[in-house]
Amino acid sequence: MTVKTKVKVAQTLPLNTIIDGDCIAVMNSLPAGSVDLIFADPPYNLQLKGDLHRPDNSRVDAVDDAWDQFDSFAAYDRFTKAWLAAARRLLKPNGAIWVIGSYHNVFRMGAELQNQGFWILNDVVWRKANPMPNFRGKRLTNAHETLIWASKEEASKYTFNYEALKALNEGVQMRSDWVLPICTGHERLKDDQGDKAHPTQKPQSLLHRVIVGTTNPGDVILDPFFGTGTTGAVAKMLGRDFIGIEREAAYRKVAEKRIANTRKFDSEALEVSASKRAEPRVAFGVLVERGMLRPGEELWSMNGRHKAKVRADGTLIGDDIKGSIHQVGAYLEGAPSCNGWTYWQFKRDGQKVPIDLLRQQIRSEMEKH
C-alpha cells in the first residue's frame, strides 16, 4: 500500500505502508519518539566519472541514477545532517539506528551521527562473498561495505539479542565482520523489462541478521530509503511492523509486489534464543509457596555427594549451613559461588529431577499472561 503524506504531523503511525515522498519531510510528519529501529541505506554519492567497462568492453550497470548525484561534499553533508536529525527525532528513547555505506560516504555519516548525539555501538564490515571485480585495475577490489549501529543516546537501553546472534553463528559469539553474498540469481529483483530493479539491492540475509539481532517481534522499523523493500519484506516475515519511505515510483511498485507476496512466519518460529538474564525472575521460595516442593523435602546435589532440606521460607538447611539454594551449594562444595538452580535435584517417583525444571514451568506460565 502506498500513501501520500503532507508535512502536518500525523497522529498515528502508518504501519506496514510505503510512503511516497521526500524522506526528510515524511519523517518530520510522523509522531516523535515512535520508532524502535531505523535501517538506512542512503545514497552513496559515488562520484563516478564516465562509463565503467569490463575487460571485454561491455558496459557495467553501475550506480549512475540521479538520486545518487550531489553537487559537492558540502551538499551531501547538509543532506546527511537533515535526514539524521529527522531520524533521531523519530526514535524512541531506547531506539537505535543502522546506517550502511561505502568509503564514499560512511565516514561522513559516522561523524554526523556523533555530532547529533547518537552513541556508536559497533561498526560492522559486511564482507561480500562475491564482490564485483575492479575492472580498471587501478585500485583494490571493493569487497566490503560498512554498517554503523548506534543507539539514540549513550544511556539508551537498546535491544541486543546476543544469544540469538550466537545461535545464528553455530554457538559462537557473533563478530563484527559478516561474510554474506550480494544479491544474485533468484534474489535479484527485476523490473517489467527484465532489468535489475535497483542497482544496490541489499541481500535478505543482511537484514535478517540486523532485525533478529536488534529488534523484537512487534517492534516498528523505519527505512527512509526503502528502495525495493528488503527491510519491509524481512520485517514482515519476522513479525515486525515497518514503515518505508520511497520517492521513486518504479521502486515502490516493485516493493509493493514483493511485500504482498511475502508470508509472515508463524509465532512459534519467530521465537529466538534469549539471555537467561532476560527471562522472568523466579524466587526459589515461590516453588515452596505453590506446593511444588514441600518443607522438609530433601534435595540432592547433581554429583550425589550432598543433600539438604527445604525450609518453609524457601531456604535450605544442610550439615552446619543454612541459607539460599546458592549459599548452601557453595558451602557444601567449598566453592566461592554456586548456581543453586542447576546444582540441586528433587525426587519424584524414584527419579531425580533438576529443580530448574520447576522454575521453567513457572516462567512458561508467567509468559502466557
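Here, every reference points to the structure presented above.
Quick summary incoming for the structure in this document. (Residues numbered from 1 in each chain as written. Predicted model: local features only at pLDDT ≥ 70, side-chain atom pairs only at ≥ 80, totals over all residues. Heavy atoms only, no water.)

## Considerations on helix α3 (residues 106-115)
Every buried residue of α3 is listed here: V106, M109, G110, E112 and L113. Around the axis of α3, the buried residues are gathered within 170° of arc, so they sit on the same side. Residues of α3 that are exposed and angled more than 90 degrees away from the buried face: F107, Q114 and N115. Against α2 (73-90), β4 (91-101), β5 (119-128) and β6 (144-151) lie the buried residues of α3. Backbone geometry just after α3 places G117 at a positive phi near 100°. (Buried < 20%, exposed > 50% of the residue type's maximum accessible area, 1.4 Å probe, protein only. Helix = DSSP H or I, 4+ residues; strand = E, 2+ residues; numbered from the N terminus. Arc of directions from axis to C-beta. Contact = heavy atoms within 4.5 Å.)

## Brief notes about the environment of V310
Examined against the element boundaries, V310 turns out to sit in strand β11 (residues 307-310). Judged by its relative accessible area of 3%, V310 is buried. Sequence-wise, V310 and G285 are 25 residues apart; in three dimensions their C-alpha atoms are separated by 9.5 Å.

## Topic: the packing of helix α5 (residues 204-214) against helix α6 (residues 230-237)
Packing of α5 against α6 brings their axes to within 9 Å, and their N-to-C directions diverge by 55°. Here α5 is positioned oblique relative to α6, judged by the angle of their axes. Every pair of crossing elements has a handedness; the one defined by α5 and α6 is right-handed. In contact with Q204, L207, H208 and I211 of α5, α6 contributes T230, T231, V234, A235 and M237. Of the residues belonging to the contact of α5 with α6, the class tally is 5 nonpolar, 4 polar and no charged. (Axes fitted to C-alpha atoms, helices over the stretch in contact; angles between N-to-C directions. Parallel < 35°, antiparallel > 145°, perpendicular 65-115°, else oblique. Left-handed = near helix turned anticlockwise from the far one by under 90°. Nonpolar A, V, L, I, M, F, W, Y, C, P; charged D, E, K, R; others polar.)

## Considering the sheet that holds strand β12 (residues 316-318)
Strand order in the open sheet formed by 6 strands is β13-β12-β11-β10-β14-β15, with antiparallel pairing between adjacent strands. Of all strands in the sheet, those bounded by a partner on one side alone are β13 (321-323) and β15 (351-354). Each strand axis lies, on average, 35° off the axis of its neighbour in the sheet, ignoring direction. With 3 bridges joining them, strand β10 (residues 298-301) and β11 adopt antiparallel strand pairing. Its bridge partner lying in β11, L299 is registered against A308. Across the face of the sheet, helix α10 (residues 325-333) comes into contact with β11, β12, β13 and β14 (344-348) while running at roughly 155° to β13. (Pairing = 2+ DSSP bridges.)

## Some thoughts on the nonpolar core
Most often, soluble globular proteins keep nonpolar side chains buried together rather than apart. Membership of the largest hydrophobic core comes to 32 residues, with the highest contact counts inside it found for W98, L147, W178 and L206. Ranked by the residues each element gives to this core, the list is headed by α5, at 5 residues. Not counting chain neighbours up to four residues away, the residues in contact with L206 comprise I100, W126, L147, W178 and L180. I97, V106, M109 and A150 belong to the second largest nonpolar core, which has 30 residues in total. (Core = buried A, V, L, I, M, F, W, Y, C linked by side-chain atoms within 4.5 Å.)

## Some remarks on the pairing of β10
In textbook terms, the turn of a hairpin is the stretch between consecutive antiparallel strands, and for β10 and β11 this stretch comprises 5 residues, one of which, G304, has a positive phi near 75°. Sheet topology places β10 next to β14; 2 bridges connect them, and they run antiparallel. Among the inter-strand pairings, S301 is bridged to a residue of β14, identified as W344.

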